[in-house]
Every structure is written in structure tokens, then in C-alpha cells.
Amino acid sequence: HRPPAPGTSRRPAHPDRSAVRVYLPATSNTLRVLLEVGEVGPAPLTAFAVTPELREWYLDDDLEALEYAAFEQAARAALRLLDADGTAARRRVVIAADVPDRSVAVRDDLDRGVVHLAAPVRMADVAAVHADDAEATATVAAAAAAIVAADLGDADSQDAVDDAAGYELAWYATQEIPALLAGF
């Protein structure tokens, strides 16, 4: 399950209106809610996307490279969710979704690439799910335990977070979510 580049997993879910590709940090528990309820919410939700600040920071006009940067930010944010939820599987999850642009508020004042979503993310909006493979579990667990200290500048903790970033997240189509959850 290796992905095409994060921005190329499928056509926009909203062909009749403008859509924005967002990367929503998540956990195994978030995926269970998405599967059972048909959406992730309530709004507002924090996600990542190609924003003006992200474009300026990376000085790159290649949309795929910029989307990958937003995707990586979401993967790091997934570590924060794991740190806060001891019941979730110790694997990072990122939900790639195409949402109506009217529901996206750029929040570059919080961090590069941050957006707030004014509506829940519906299953119909989801383009793909990305998740760590089982072999990353121990490394991701250590990174989740270290993420707050890393955010505060601790070099050893940052090393643990960087170790997790060395694992590529695998790509899953929406119909594969039940099997993915069964593997957690």
C-alpha cells in the first residue's frame, strides 16, 4: 500500500464546486468514528493544507511537494493526538480529504499549513487514508511520548520524533478502512 503522492490519490469529491485537499491528523479511534458515524467531527477541526505561509516557507511551486509538506505536518500532529489518547493504536493516521473551500479557514497564524474546518469531514469527502505499518509501532509510541517535549525544544525528544518521521505512511482506499482497523 504505497501511495501515489499525497495530492494525487483521487479526483476531488466536489466536482461541481471548488474543493481544497486537506490532511486531517487522526488516530485509529478517529477512523472507527469515521466508519461508524460516516464523518469526523464536530467542527471546528484542525487540519493541514497548502496555505500562503506554507508556500512562502518552502519556496516551492511544485504542488505535490507542497502537499507532501502539509501531509508531513499532519503526520506530526497525529503524534500529539496519540499522546492525548492512550487507547488509540500507536500508529499515525492521516485522512486526506477534499472539502468545500468555503468550509476552510487558513490559520497560518497558528503554524504553517494549519487550517480550521467549519464542517465535519464526511466519508464522501475522504480521498484516502494514510497509516503507519505495524513495524513502526514501537518507534511511533516513543515519538508520541516525546512529542510535547520535542515541541518545547528538547533535542533528544526531537530525535525520537524524527525517528518516527523516517517511516512512510501507507496509503489505503476508503473501502480498505475496515481491514486497516482490523489490523490495529
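Structure: see above.
Residues numbered from 1 in each chain as written. Predicted model: local features only at pLDDT ≥ 70, side-chain atom pairs only at ≥ 80, totals over all residues. Heavy atoms only, no water.

Caption draft 1: Structural context of the pattern of salt bridges. Overall, the coordinates contain 6 salt bridges when judged by the stated rule. One salt bridge in this structure joins Arg92 and Asp132, with 2.7 Å as the shortest N-O distance. Of the two residues, Arg92 is situated in the loop between α3 (63-84) and β4 (93-100) and Asp132 in the loop between β8 (126-131) and α4 (137-151); the sequence distance between them amounts to 40 residues. Overall, the relative accessible area of 0% leaves Asp132 in the buried class. (Salt bridge = Lys/Arg side-chain N within 4 Å of Asp/Glu carboxyl O. Helix = DSSP H or I, 4+ residues; strand = E, 2+ residues; numbered from the N terminus. Buried < 20%, exposed > 50% of the residue type's maximum accessible area, 1.4 Å probe, protein only.)

Caption draft 2: Looking closely at unusual backbone geometry. Note that the residue after Gly41, namely Pro42, is joined by a cis bond; omega there is 0°. A cis amide bond links Ala43 with the next residue in sequence, Pro44, at an omega value of 0°. Locating Pro44 in the fold gives a position in the loop between β2 (39-40) and β3 (45-48).

Caption draft 3: Geometry of the environment of Thr30. In this structure, Thr30 sits in helix α1 (residues 28-37). In the structure, Thr30 is positioned 79 residues away from Asp109 in sequence and 26 Å away in space, judged by C-alpha atoms. Apart from the residues lying within four places of it in its own chain, the contact partners of Thr30 are Val40 and Ile95. (Contact = heavy atoms within 4.5 Å.)

Caption draft 4: Up close: the environment of Ala143. Looking at where Ala143 falls in the secondary structure, it is placed in helix α4. Among the residues examined, Ala143 registers a relative accessible area of 0% and is labelled buried. The sequence separation of Ala143 and Asp132 amounts to 11 residues, and the corresponding C-alpha distance is 13 Å. If near-sequence neighbours (up to four positions away) are discounted, Ala143 is found in contact with Leu79, Ala160, Val161 and Ala164.

Caption draft 5: Geometry of the pairing of β8. Of all the 6 residues making up β8, 6 are buried; the element is thus mostly covered by neighbouring parts of the structure. The pairing of β4 with β8 spans 5 bridges and is antiparallel. Across the sheet, residue Ala96 finds its bridge partner in β8, namely Ala128. Taken together, the 3 bridges between β8 and strand β9 (residues 170-172) define a ladder with antiparallel strand orientation. When the bridges of β9 are listed, His130 appears paired with Trp171. (Pairing = 2+ DSSP bridges.)

Caption draft 6: Structural context of α1. Turning to α1, its buried residues number three or more, namely Ser28, Thr30, Leu31 and Leu34. Seen end-on, α1 carries its buried residues on one side only, within an arc spanning 155°. Residues of α1 that are exposed and point more than 90 degrees away from the buried face comprise Glu36 and Val37. Here the buried face of α1 lies against β1 (19-26), β2, β4, β7 (121-122), β8 and α6 (177-183). Sitting at the head of α1, Thr27 places a side-chain oxygen 3.2 Å from the backbone nitrogen of Asn29. Downstream of α1 by a residue or two, Gly38 has a phi angle that is positive, lying close to 90°. (Arc of directions from axis to C-beta. Polar contact = N/O pair within 3.5 Å; in protein donor to acceptor, adjacent residues only side chain to side chain.)

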